[in-house]
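# Structural overview
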Amino acid sequence: METLSERAAFMRESLQKSQIINDQVVAILGSFDHRLSALETAMRPTQIRTHSIRRAHENIDKTLKAADLVLGQFDLARKAEAKILRGPHEDLESYLEAVDQLRTIVKFFSGNKNLKSSIGVISHAHGLLAKSILKLEEEFRQLLSTYRMVNACKPVEPDRLIECLPSSMRPSSAGSDPSHGGDAGGRKSSSENPSKLETVVPQPPTLIPPRIVPLLHDLAIQMFQAGHQQQLYNIYRHFRKVALLAELRQLDQIADGTGLNDDQTQMRSLSGIMVKEIRAAVVEQSLRKLEVERLNKDDVQKMQWEVLEAKIGNWIHSMRIAVKLLFAAEKKLCDQVFEGIDSLRDQCFAEVNSNSVAVLLSFGEAIARSKRSPEKLFVLLDMYEIMRELQPEFDTIFGSKYCGEMREAALVLTKRLAQTAQETFGDFEEAVEKDATKTAVLDGTVHPLTSYVINYVKFLFDYQSTLKQLFKEFDNSDPDAQLGSVTTRIMQALQTNLEGKSKQYRDAALTQLFLMNNIHYIVRSVRRSEAKDLLGDDWVQIHRRVVQQHANQYKRLSWSKILQCLSIQGISGADGGGTSGVSRANVKERFKTFNVQFEELHQRQSQWTVPDSELRESLRLAVAEVLLPAYRSFVKRFGPLVDSGKNPNKYIRFSPEDLERMLAEFFEGKTWNDPKR
């Protein structure tokens, strides 16, 4: 217990000492707080003066920076002015930067009008901008003109354009007329497989070097921002329009047209104005180089067929080049130059190309509206084919609302070509049936009309896909059935006409030979062509029987009379099979008559012609199989009566071998000094 009491006393004493120390510390700290408060009161005026000095320094820094900025703007304005005054020819990119800098300076001082010099600077900058835009207009025109060697302002040469096409689309040599066994249209090879062509993408030519196009775009943007939309529109439009027309005229190798003179007059009248519509002029010049001209149906009617056919062939290639290359290149260039200026881009492209498209389509319209004739059918189909081939490009390239009339005009031409081709088809069928040509086929061979019509039909089948598409334009029925029906009617019309022409012959046997030759030619041609698939095997078999019928009729008419000379009928005393009661004079007369008739047949029918070698040999064999056995039998039975008399060779002039040799000369189309036909 005593130990605990001692410890408690010790703890009380320690706590008392701790309290005393704590009170002393509090007193000391209290004195510090009083001293700090007094110090703070003494320092407050100094702090206020220091803060004021700091704010003054900040204001001075801000003022200096603002002054530097204003001075910098003045310095930039001075440098921009120097570039503007020098002009854009030395460094166009730097010049364009200076124009942008001027606009920035105007914006800066417009936002700081409290500065005394703002109004003057703004006014001066506006004056410089006005001068710069005029120089930019001049530079825009000059750029288009400077790079004409790469076709910015010079028409693209035809050879260079043609090289941009895939080989399957390039012009091929022209063919010949159906009557000569050639290609009626002369251009079928260039479009015989439209689906194949569609998979090949032509590469449009580069009209302006790629490094120049961005500069033109920048110039266009500057002019547009300056409110010079109309000047920009006019400069670009005029330059391209005339050149495109000239391009087509050169390629097509047509002399001259009306469009050039009008445009040249217009350009002279604008010589004092800021080069109006520069780009459009190039488009029309390009068409002139393709040598496409504006024609009407009266112009077409005055042309000889060979000239017109050549022009149509050139027009077809010009259409493909113009749409797939020239117009596509113009569209690409216009999109690049006017990128970001949608309001001008589509309108300008439409204006650049409208006249050229009109000239191209006007030629097609003139052909479609001109007087119909059979030889025009194939070129009409070629024209219809190219218009259908180019329809997707028309829809894509001329897809804007400003090009609506051009798209519609192309559709109208396609429909009109289809209608004219269909009507020409009907005209041909009627012309075949009513053909009244007096062309004499004296030897009974294949008539020119037959070969012409058959060749015509063969060429029609080269256009099967085109014809079927054409039929669909007007009728939803099966196009194969329609083509078969048309072909059947043409064949029937030809046979009807040949029946009429066969009546011109006085010799009935020659009439049959003529019909045999022509029907055989028709059947053989059909069997060797695609027409067989549509006409059918039944048609072929029926007409082969017709050929045989005419051959049998020929044999009956030519040889029945001479075979009567070799008959025992009418020879008195020969009925019993011997010759004891036969009159030698009667037999001599029979031999004499046979000789005369055979010589006459040989003389006449060796001048006739069976052009098909197999048919010719078959006909000779058919005659020999009847004639030679009868002659051998007659000579064997009655020859001794003549041999025992005077001059037997006078009556028995031919041996069977002689007859066989002479029969081999029949139907060779020989010419005698005194032909008897």
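How each quantity is defined
- Residues numbered from 1 in each chain as written.
- Predicted model: local features only at pLDDT ≥ 70, side-chain atom pairs only at ≥ 80, totals over all residues.
- Heavy atoms only, no water.
- Helix = DSSP H or I, 4+ residues; strand = E, 2+ residues; numbered from the N terminus.
- Buried < 20%, exposed > 50% of the residue type's maximum accessible area, 1.4 Å probe, protein only.
- Contact = heavy atoms within 4.5 Å.
- Areas by Shrake-Rupley, 256 points an atom, 1.4 Å probe, with all protein chains shown as cover.
- Patch = residues over 30% accessible without salt bridge, like charges linked within 9 Å, V, L, I, M, F, W, Y side chains within 5 Å.
- Salt bridge = Lys/Arg side-chain N within 4 Å of Asp/Glu carboxyl O.
- Lys, Arg positive; Asp, Glu negative; His and termini not counted.
- Charge placed at Lys NZ, Arg CZ, Asp CG, Glu CD.
- Polar contact = N/O pair within 3.5 Å; in protein donor to acceptor, adjacent residues only side chain to side chain.
- 1 Å grid on protein atoms, 1.4 Å probe; cavity = no way out; pocket = protein on both sides within 12 Å on 5 of 7 lines; lining within 4 Å.
- Points joined across faces, edges and corners; volume = space filled by probe spheres on them.
- Nonpolar A, V, L, I, M, F, W, Y, C, P; charged D, E, K, R; others polar.
- Phe/Tyr/Trp six-rings, centres within 6.5 Å; stacked < 30°, edge-to-face > 60°.
- Lys NZ or Arg CZ within 6 Å of the ring centre and 35° of its normal.
- pLDDT = per-residue confidence, 0-100.

Each helix and strand counted, the protein has 23 helices and zero strands in total. Each of the 677 residues in the protein was classed as buried or not, and the buried ones make up 47%. Put simply, 84% of the contacts in the protein that link residues at least 6 apart link residues at least 24 apart. Carbon and sulfur atoms form 51% of the exposed surface of the protein, whose accessible area is close to 34,700 Å².

Turning our eyes to something else, we now look at a positive patch on the surface. Taken together, the side chains of Lys 458, Arg 527, Arg 528 and Arg 544 define a basic patch exposed on the protein surface. Following the sequence through the fold, Arg 544 ends up in helix H20 (residues 537-565). What makes Arg 544 partly exposed here is its relative accessible area of 41%.

As for its position among the elements, Arg 620 is in helix H22 (residues 613-643). For Arg 620, a relative accessible area of 7% translates into the label buried. A polar side-chain atom of Arg 620 sits 3.0 Å from the main-chain carbonyl oxygen of Ala 664.

So, about the layout of surface pockets. For the largest pocket, the calculated volume is near 450 Å³. Lining of the largest pocket is provided by 19 residues; of these, His 520, Arg 527, Arg 544, Val 547 and Leu 615 occupy positions nearest its centre. Put simply, the parts of the chain that give the lining of the largest pocket at least two residues each are helix H18 (508-527), H20 and H22. Along the lines of polarity and charge, the residues of the lining of the largest pocket split into seven nonpolar, five polar and seven charged.

Our focus in this paragraph is the packing of aromatic side chains. Counted by the stated rule, this structure contains 24 aromatic pairs. Centroid distance Phe 378 to Tyr 463: 5.9 Å. Interplanar angle 45°. Geometry classified as tilted. With Phe 378 in helix H13 (residues 376-397) and Tyr 463 in the loop between helix H15 (448-462) and helix H16 (464-472), the pair connects residues that are 85 residues apart, well separated along the chain. Note on accessibility: Phe 378 and Tyr 463 belong to one class, buried. With a centroid separation of 6.2 Å and an interplanar angle of 35°, the aromatic rings of Phe 598 and Phe 666 are classed as tilted. In this pair, Phe 598 is assigned in helix H21 (residues 584-605) and Phe 666 in the segment after helix H23 (656-663), connecting sequence segments 68 residues apart. The class for Phe 598 is buried, based on a relative accessible area of 0%. What links up through ring pairs into an aromatic cluster is the set Tyr 554, Trp 559, Phe 594, Phe 598, Trp 608, Tyr 631, Phe 654, Phe 666 and Phe 667. A cation over an aromatic ring shows up here: Lys 331 above the ring of Phe 349, its NZ or CZ 5.4 Å from the ring centre.

Applying the stated criterion to the full structure yields 27 salt bridges. Lys 324 is paired through a salt bridge with Glu 393; the nearest N and O atoms lie 2.5 Å apart. Taken together, the residues span a long stretch of sequence, with Lys 324 in helix H11 (residues 305-337) and Glu 393 in helix H13 at a distance of 69 residues. Arg 369 is the salt-bridge partner of Glu 365, the closest N and O atoms lying 3.3 Å from each other. Of the two residues, Glu 365 and Arg 369 are both situated in helix H12 (residues 342-369); the distance of four residues between them amounts to about one turn of the helix. Glu 365 sits in the buried class, given a relative accessible area of 15%. Overlapping salt bridges bring together Lys 331, Asp 335, Asp 342, Arg 345 and Asp 346 as one network.

On to the confidence of the model for the protein. For the protein, the mean per-residue pLDDT works out to 78, and 73% of the residues sit at or above 70. At the level of individual helices and strands, the protein shows its lowest average pLDDT in helix H8 (residues 258-269), which scores 36, and its highest in H18, which scores 95. Below a pLDDT of 50 lies the segment residues 149-153, which in the model reaches 31 contacts outside its immediate sequence neighbourhood of four places, other chains included. Counting contacts from residues 253-277, a segment whose pLDDT is below 50, to residues more than four positions away or on other chains yields 46 contacts.

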